[in-house]
Amino acid sequence: MPSETIIVYGAHWCPDCRTSKQFLGEHQIPYQWVDIEEDKMAEQRVIRKNDGKRIIPTIVFEDGTFLAEPSNAQLAEKLGLKSVASRSHYDLIVLGGGPAGLTAAIYTAREAIDTLVIERAAFGGQAAGTEKLDNMPGFPEGVAGIDFSKRLRQQAERFGVELLQAQEVTGLRKHDNYAGIHTADGSTYTAKAVLIATGSRYKRLGVKGESDYMGAGVHFCATCDGPFYKGKQVVVIGGGNSATEESLLLTKFAEKVTLLVRGGEFNATRFIQDKVLSHPKIEVRWHTEVKAFEGAAGKLKKLRVVNNQTGREEELTIDGAFIFIGLVPNTGFLEGSGIRLDPWGFAVTGHGLLHDGERPGGYEERDPYMMETSVAGIFAAGDVRDTSTKQVVSAAGEGGSAALEIREYLKTV
Ligand SMILES: Cc1cc2nc3c(=O)[nH]c(=O)nc-3n(C[C@H](O)[C@H](O)[C@H](O)COP(=O)(O)OP(=O)(O)OC[C@H]3O[C@@H](n4cnc5c(N)ncnc54)[C@H](O)[C@@H]3O)c2cc1C
């Protein structure tokens, strides 16, 4: 795999540079960022490499080779990420390689159930982006999210799970007694059973300027982007566990962290609240909402905020903003699949599908399994499931439970 010497030459206003940086970040591939507008020698290097043209991003790899303005698919190929499966049919296809998906795959492959996992970003899911998991049983000192994810992946590989990376699932259709899975590269894979373990992602505020400065001052991952803010002033938006935990993480880099909370209290564990409130680098502003992100030359410079009790508006001059306001399930690709979702878009399973004891269509002979969706043979586990508890240990536990149910289901088809 690539080393830490990948250099991304670009400029802060360049959207393609942001796309490449996001791709590398999501795949947890370390890189050095060089803004050629601030480094004229670097700019000359880029021009020399591109035969006199100033093309950005230009990405230079450890072996001296480079890609100019690469697509994500070109980057994936260059980085040796396997994104195409070796066969077209499997016993089980797992959608998503987070703790739920990889745990399920470990269980099924260990029982010789032919298993393919399709992951669009890095293995480990949200857990991989967590600095330290302190509540994983069996790790008395805690474990870095990235290390935990590597271990999960290694364990899955040891049992022969086939793993695809940098490949997005775009659709799912059930036909008779098999399912078709469509991917972004136009491929279709089929399987006797499917596990949806696609987790969830960060919610956006939806206010002016937010998407304009994405990756150029607006962030959703302190672990990925916090180190860019050494000695700087950052704002964190949100009042839950993620916002409070990430504020603490950001104090390692930033000189000051201002936490903007819409309500008058946190919705986080008491232990973390106490740490935040007593931290000398963190200032908490209650009843504060963001109205707009503003900047210049493609870089975020200011936040326009309002106190929702007094109506007083204010401008905060900042270097970066980190948004942690909740999760939305990654279930958009299920449109047209017939899989029942709850009002927020999470997959409904098991007893949740029974209304007054009535089973959904397709379940004439039996009740759905606990992790089975409204479409027989399609299971869901982890954060994407409606009543899940949004923790690594429970996601992994649900993955294991789903695997055992899938084993039973496969005996019948
Ligand atoms: C900042 C933060 C800190 C946290 N800290 C802790 C903690 O300390 N302890 C704890 O127990 N939990 C913690 N959590 C929660 C925990 O990380 C999640 O509950 C857990 O990762 C959920 O696992 P999952 O496998 O269900 O989903 P995810 O981890 O979300 O994994 C889903 C995977 O599916 C992939 N995917 C999504 N859509 C597609 C698609 N269409 N095609 C292909 N792949 C797709 C995603 O890229 C992702 O890798 C934290 C979460 C966050 C965000």
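Notes on the structure follow. (Residues numbered from 1 in each chain as written. Predicted model: local features only at pLDDT ≥ 70, side-chain atom pairs only at ≥ 80, totals over all residues. Heavy atoms only, no water.)

Below, the discussion takes up the packing of aromatic side chains. Tallied over the entire structure, the rule returns seven aromatic pairs. Aromatic pair Y229 and F322: ring centres 5.7 Å apart, planes at 80 degrees, arrangement edge-to-face. One end of the pair, Y229, is in the loop between α7 (222-225) and β15 (233-237); the other, F322, is in strand β21 (residues 320-323), with 93 residues separating them in the sequence. Exposure class is identical for Y229 and F322. Each is buried. Taken together, Y202, F220 and F324 form an aromatic cluster joined through their ring pairs. Over the ring of W33 we find K21; its NZ or CZ atom is 3.9 Å from the centre of that ring. The residue whose ring lies beneath K78 is F61, and the NZ or CZ to ring-centre distance is 5.1 Å. (Phe/Tyr/Trp six-rings, centres within 6.5 Å; stacked < 30°, edge-to-face > 60°. Helix = DSSP H or I, 4+ residues; strand = E, 2+ residues; numbered from the N terminus. Buried < 20%, exposed > 50% of the residue type's maximum accessible area, 1.4 Å probe, protein only. Lys NZ or Arg CZ within 6 Å of the ring centre and 35° of its normal.)

With that settled, the discussion passes to the side chain of R18. Tracing the sequence through the fold places R18 in helix α1 (residues 15-26). Buried within the structure, R18 lacks any salt-bridge partner; its nearest side chain of opposite charge belongs to D212, at an N-O separation of 7.1 Å. Those residues within four positions of R18 in sequence are excluded, and the remaining contacts are H12, W13, D212, M214, G215, A216 and G298. (Lys, Arg positive; Asp, Glu negative; His and termini not counted. Salt bridge = Lys/Arg side-chain N within 4 Å of Asp/Glu carboxyl O. Contact = heavy atoms within 4.5 Å.)

Right, let's talk about the sheet that holds strand β20 (residues 313-317) for a bit. An order of β18-β19-β20 is seen for the three strands of this open sheet, with the pairing classed as antiparallel. In the strand order of this sheet, the two ends are held by β18 (288-296) and β20, each with one partner. Recorded for the sheet is a direction-independent mean angle of 25 degrees between the axes of neighbouring strands. In this structure, β18 lies alongside strand β19 (residues 299-307), joined through eight bridges in antiparallel fashion. Paired with V290 across the bridge in β19 is V305. (Pairing = 2+ DSSP bridges. Axes fitted to C-alpha atoms, helices over the stretch in contact; angles between N-to-C directions.)

This paragraph deals with the pattern of salt bridges. The full count for this structure, using the stated rule, is 24 salt bridges. Between K302 and E315 there is a salt bridge, and its shortest N-O distance comes to 3.6 Å. Taken together, the residues K302 in strand β19 and E315 in strand β20 connect sequence positions 13 residues apart. Between E408 and K411 there is a salt bridge, and its shortest N-O distance comes to 3.0 Å. Its relative accessible area of 29% is what places E408 among the partly exposed residues. Each of K256, E283, R285, R312 and E314 takes part in one network of salt bridges that share partners.

Now for the state of the cysteines. Within the structure shown, the criterion is met by one disulfide. Put simply, C14 and C17 are joined by a disulfide, and their sulfur atoms are 2.2 Å apart. Because the torsion about its S-S bond is 90 degrees, the bridge between C14 and C17 counts as right-handed. Like C14, the residue C17 is buried in the burial classification. (Disulfide = S-S within 2.5 Å.)

Honestly, it's all geometry; don't read function into it.
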